[in-house]
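A structural walkthrough
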Amino acid sequence: MSKVCEICGKHPVAGRSISHSHRVSNRTFRPNIQRVYVVVDGHRRKMNVCTSCLKAQKVARS
């Protein structure tokens, strides 16, 4: 499944995980993407949408 929000374009970004003893390892920050049915131009369609877009009601769920 795609890890990109089709509404806002949010995608995984790279970063570093730093422990208490300051050992560094690479990691990725992944957005919470849900595959939901939404209404687009009067038609019901499945889209990959992040939860922040769902909470902000940027799409109309069906």
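Up top you'll find the structure we're talking about.
All of these numbers come straight from a predicted model, not from anything done at the bench.

Attention now goes to the packing of aromatic side chains. Summed over the entire model, instances satisfying the criterion amount to zero aromatic pairs. The ring centre of F29 lies 3.9 Å from the NZ or CZ of R27, which sits over that ring. Taking NZ or CZ as reference, R44 lies 3.8 Å from the ring centre of Y37, over its face.

This paragraph deals with the pairing of strand β2 (residues 24-29). For strand β1 (residues 13-18) and β2, the ladder comprises six bridges, and the chain directions are antiparallel. Of the residues in β2, the one forming a bridge with I18 is V24. Hairpin connection of β1 to β2: five residues between the antiparallel strands, including H22 at a positive phi of 65 degrees.

Here we take up unusual backbone geometry. You will see that H22, though not glycine, has its phi angle at about 65 degrees, which is positive. On the secondary structure map, H22 appears in the loop between β1 and β2. Relative accessible area serves as the criterion here: at 57%, H22 is assigned to the exposed category. Residue Q57 is not a glycine yet carries a positive backbone phi of 55 degrees. With respect to the helices and strands, Q57 occurs in the segment after α1 (51-55). We classify Q57 as exposed; its relative accessible area is 68%.

How each quantity is defined
Residues numbered from 1 in each chain as written. Predicted model: local features only at pLDDT ≥ 70, side-chain atom pairs only at ≥ 80, totals over all residues. Heavy atoms only, no water. Phe/Tyr/Trp six-rings, centres within 6.5 Å; stacked < 30°, edge-to-face > 60°. Lys NZ or Arg CZ within 6 Å of the ring centre and 35° of its normal. Pairing = 2+ DSSP bridges. Helix = DSSP H or I, 4+ residues; strand = E, 2+ residues; numbered from the N terminus. Buried < 20%, exposed > 50% of the residue type's maximum accessible area, 1.4 Å probe, protein only.

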